Amino acid sequence: TTSDTLTAEVHWNTTSGELLQKISGNNADELNDYLEKAIVITGELENVSKINGEKTLLLKNDGFKAKILCELQKNQSDEVAILKVGDTLKIKGIYKGHLLDAILLNCIILERNQP
């Protein structure tokens with residue numbers, strides 16, 4: 001629930017670039033420390049889509065193969081309605097790990113800055 005994500009202790013404050021660099025590099029195992037924990041990520045919005053019925057934000061990946069997918073909580077629909085591609089977002093979510101892409105669930109939008 002929102003309150004869980006909102007009040008969850010932040011274990012890592014990072015940028016989309018830094019996270020993607022870790023996934024793509026030899027230090028991907030370091031990310032295991034953050035599994036099932038709340039992280040805050042700042043990045044540029046590339047796309048809003050619906051995956052499995054849930055609104056999911058895709059952050060710009062700056063040429064990395066991996067992507068960052070942030071599945072939003074249902075109560076974020078008002079925020080989603082005003083998002084524009086290119087907005088810089090600060091998102092808090094629960095890091096679920098990565099295969100090719102990094103997955104964050106129960107995400108809430110903390111900040112939105114238009115370009």
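Here we look at the overall build of the protein
Part 1 of the reasoning: Tallying secondary structure elements over the protein gives three helices and six strands in all.
Part 2 of the reasoning: Listing every helix and strand of the protein by position from the N terminus yields α-β-α-β-β-β-α-β-β.
Part 3 of the reasoning: Seen along its three principal axes, the alpha-carbon backbone of the protein occupies a region of about 40 × 30 × 25 Å.
Part 4 of the reasoning: Residue burial in the protein is summarised as follows: out of 115 residues, 42% are buried.
Part 5 of the reasoning: When contacts within the protein are restricted to residue pairs at least 6 apart in sequence, those whose partners lie at least 24 apart make up 64%.
Part 6 of the reasoning: Total accessible area on the protein is roughly 6,300 Å²; 47% of this is exposed by carbon and sulfur atoms.
Part 7 of the reasoning: Taking the average place of the 13 positive charges on the side chains of the protein and the average place of its 17 negative ones, the gap between the two points comes to 4 Å.

Section: the environment of Asn-47
Part 1 of the reasoning: The topology assignment puts Asn-47 in strand S2 (residues 38–51).
Part 2 of the reasoning: In sequence terms Asn-47 and Trp-12 are 35 residues apart; their C-alpha atoms lie 24 Å from each other.
Part 3 of the reasoning: The contact partners of Asn-47, leaving out residues within four places of it in the chain, are Thr-56, Leu-57 and Leu-58.

As for the state of the cysteines
Part 1 of the reasoning: Taken as a whole and judged by the stated rule, the model has zero disulfides.
Part 2 of the reasoning: The thiol of Cys-70 is not disulfide-bonded; the next cysteine sulfur, from Cys-107, is found 4.4 Å away.
Part 3 of the reasoning: On the basis of relative accessibility, which here comes to 0%, the residue Cys-107 falls in the buried class.

Re helix H2 (residues 16–24)
Since the α-helix turns once every 3.6 residues, residues separated by three or four places project in the same direction.
Part 1 of the reasoning: Looking at H2, one finds that the buried residues are Ser-16, Gly-17, Leu-19, Leu-20, Lys-22 and Ile-23.
Part 2 of the reasoning: Along its buried surface, H2 packs onto strand S1 (10–15), S2, strand S3 (54–59), strand S4 (68–72), strand S5 (88–98) and strand S6 (102–113).

A word on the packing of aromatic side chains
Part 1 of the reasoning: Within this structure, the stated rule accounts for one aromatic pair.
Part 2 of the reasoning: With 4.7 Å between their ring centres and 10° between their planes, Trp-12 and Tyr-34 make a pair best called stacked. Here the residue Trp-12 occupies a position in strand S1, and Tyr-34 occupies one in the loop between H2 and S2, the gap between them amounting to 22 residues. Grouping residues by exposure puts Trp-12 and Tyr-34 together as buried.

Notes on the pairing of S3
Part 1 of the reasoning: Of all the six residues making up S3, five are buried; the element is thus mostly covered by neighbouring parts of the structure.
Part 2 of the reasoning: Where S2 and S3 come together, six bridges link them in antiparallel fashion. What sits directly across from Val-48, in S3, is Leu-57.

Remarks on the environment of Ile-108
Part 1 of the reasoning: If you trace the backbone, Ile-108 turns up in strand S6.
Part 2 of the reasoning: In sequence terms Ile-108 and Gln-76 are 32 residues apart; their C-alpha atoms lie 6.6 Å from each other.

Quick notes on the pattern of salt bridges
Part 1 of the reasoning: Scanning the model with the defined rule gives four salt bridges in all.
Part 2 of the reasoning: For Glu-36, the salt bridge goes to Lys-96, with nearest N and O atoms at 2.9 Å. Within this pair, whereas Glu-36 is found in the loop between H2 and S2, its partner Lys-96 is found in strand S5, the two being separated by 60 residues in sequence.
Part 3 of the reasoning: For Glu-36, a relative accessible area of 52% puts it in the exposed group.

Rules behind the numbers
Positions within a chain are numbered from 1, following the residues in the order the chain's sequence is written. Whole-chain, interface and lining totals are the exception, using all residues; otherwise, since this is a predicted model, local features are given only for residues with pLDDT of at least 70 and side-chain atom pairs are given and counted only at 80 or more. Side-chain measures here rest on the full set of heavy atoms in the structure, leaving out hydrogens and waters. Strands are runs of DSSP state E lasting at least two residues, helices are runs of H or I lasting at least four, and both sets are numbered from the N terminus onward. Each residue gets one of three labels from its accessible area relative to the maximum for its type: buried under 20%, exposed over 50%, partly exposed in between, using a 1.4 Å probe on protein chains only. Whether two residues are in contact is decided by their heavy atoms, any of which lying within 4.5 Å being enough. Accessibility throughout is a Shrake-Rupley quantity obtained with a 1.4 Å probe, and a residue counts as covered only by protein chains that appear here. The charge count includes Lys and Arg as positive and Asp and Glu as negative, but it does not include His or the ends of the chains. Taken as the charge location is NZ of Lys, CZ of Arg, CG of Asp or CD of Glu. Only a pair of cysteine sulfur atoms within 2.5 Å counts as a disulfide in this structure description. Between 30 and 60 degrees the pair is tilted, below 30 it is stacked and above 60 it is edge-to-face, where a pair is any two Phe, Tyr or Trp rings, Trp via its six-membered ring, whose centres lie within 6.5 Å. Any two strands between which DSSP finds at least two bridges are classified as paired. By convention in these notes, a salt bridge is any Lys or Arg side-chain nitrogen within 4 Å of a carboxyl oxygen on Asp or Glu.

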